[in-house]
Amino acid sequence: MREKMAGLHLILDARASIGLANRKAVEDWIRWAAEVSGMTILGTQSHLLPTPLDSGPGVTALAVIAESHIAVHTWPESGIITMDMFSCRHFKALPIVDSFTRTFGITEVLLYNEIPRWGPKP
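Residues numbered from 1 in each chain as written. Predicted model: local features only at pLDDT ≥ 70, side-chain atom pairs only at ≥ 80, totals over all residues. Heavy atoms only, no water.

Asks: What am I meant to see in the pairing of strand β3 (residues 58-65) here?
Replies: A regular strand places its side chains on the two faces of the sheet in alternate fashion. In terms of residue burial, β3 counts as a mostly covered element, since six of its eight residues are buried. As paired elements, strand β2 (residues 41-49) and β3 share eight bridges and run antiparallel to each other. Bridging from a neighbouring strand, L49 pairs with G58 of β3. Pairing analysis gives six bridges linking β3 to strand β4 (residues 68-75), with the strands arranged antiparallel. Looking across to β4, one finds that A61 is bridged to V72. Two successive antiparallel strands, β3 and β4, enclose a turn made up of two residues. (Buried < 20%, exposed > 50% of the residue type's maximum accessible area, 1.4 Å probe, protein only. Helix = DSSP H or I, 4+ residues; strand = E, 2+ residues; numbered from the N terminus. Pairing = 2+ DSSP bridges.)

Asks: In this structure, what is going on with the packing of helix α1 (residues 23-36) against helix α2 (residues 93-104)? I would like to understand it.
Replies: If you want to describe how two helices pack, look at the angle between their axes and the distance between the axes. Their axes nearest at 11 Å, the elements α1 and α2 cross at an angle of 165°. Taken together, the axes of α1 and α2 are roughly antiparallel relative to one another. The way α1 lies across α2 gives a crossing that is right-handed. For the pair α1 and α2, contact is made by A25, V26, W29, W32, A33 and V36 and by P95, I96, S99, F100, T103 and F104, respectively. A breakdown of the residues in the contact of α1 with α2 according to their chemical character gives 10 nonpolar, two polar and no charged. (Axes fitted to C-alpha atoms, helices over the stretch in contact; angles between N-to-C directions. Parallel < 35°, antiparallel > 145°, perpendicular 65-115°, else oblique. Left-handed = near helix turned anticlockwise from the far one by under 90°. Contact = heavy atoms within 4.5 Å. Nonpolar A, V, L, I, M, F, W, Y, C, P; charged D, E, K, R; others polar.)

Asks: So what exactly am I meant to see when it comes to the pairing of β4 here?
Replies: Of the strand pairs in this sheet, β4 and strand β5 (residues 80-87) are connected by eight bridges, and their pairing is antiparallel. Its bridge partner lying in β5, A71 is registered against D84.

Asks: Could you clarify how one ought to interpret the packing of aromatic side chains in this entry?
Replies: The description of two aromatic rings rests on the distance between their centres and on the angle between their planes. Scanning the model with the defined rule gives four aromatic pairs in all. Seen in terms of ring centroids, W29 and W32 are 6.4 Å apart; in terms of plane orientation they differ by 40°. Their pairing is tilted. Taken together, the residues W29 and W32, both in helix α1 and three residues apart, mark about one turn of the helix. A centroid spacing of 6.5 Å and a plane angle of 65° characterise the contact between W29 and F104, whose relative ring orientation is edge-to-face. On the criterion of sequence distance, the pair formed by W29 in helix α1 and F104 in helix α2 is long-range, its members being 75 residues apart. (Phe/Tyr/Trp six-rings, centres within 6.5 Å; stacked < 30°, edge-to-face > 60°.)

Right, dumping it as structure tokens:
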């Protein structure tokens, strides 16, 4: 069986200045990313996590989508946010990254990868 590109895995780690302790902002962004990418949300989970400083809680949020997943994790005490978005079909990364940058006030990108994912060719 031959293989073909089956989707895209987008990974971004960054320093950010907005909304890192805001559970609703993270959840809303994940829903927006799924919608704009034409993905189907099957379920979501999010939690506030204690941090050692008075910077507010960290947020971890995940959407299980029919196409795979979208996850965001924040560390307000360090000003760090990470995003992991994988779909078994292609999506446009630029609108996702632009929105993530604006929504969370990205000041420095620490890691950025667009990884093509492969699967069986019908």
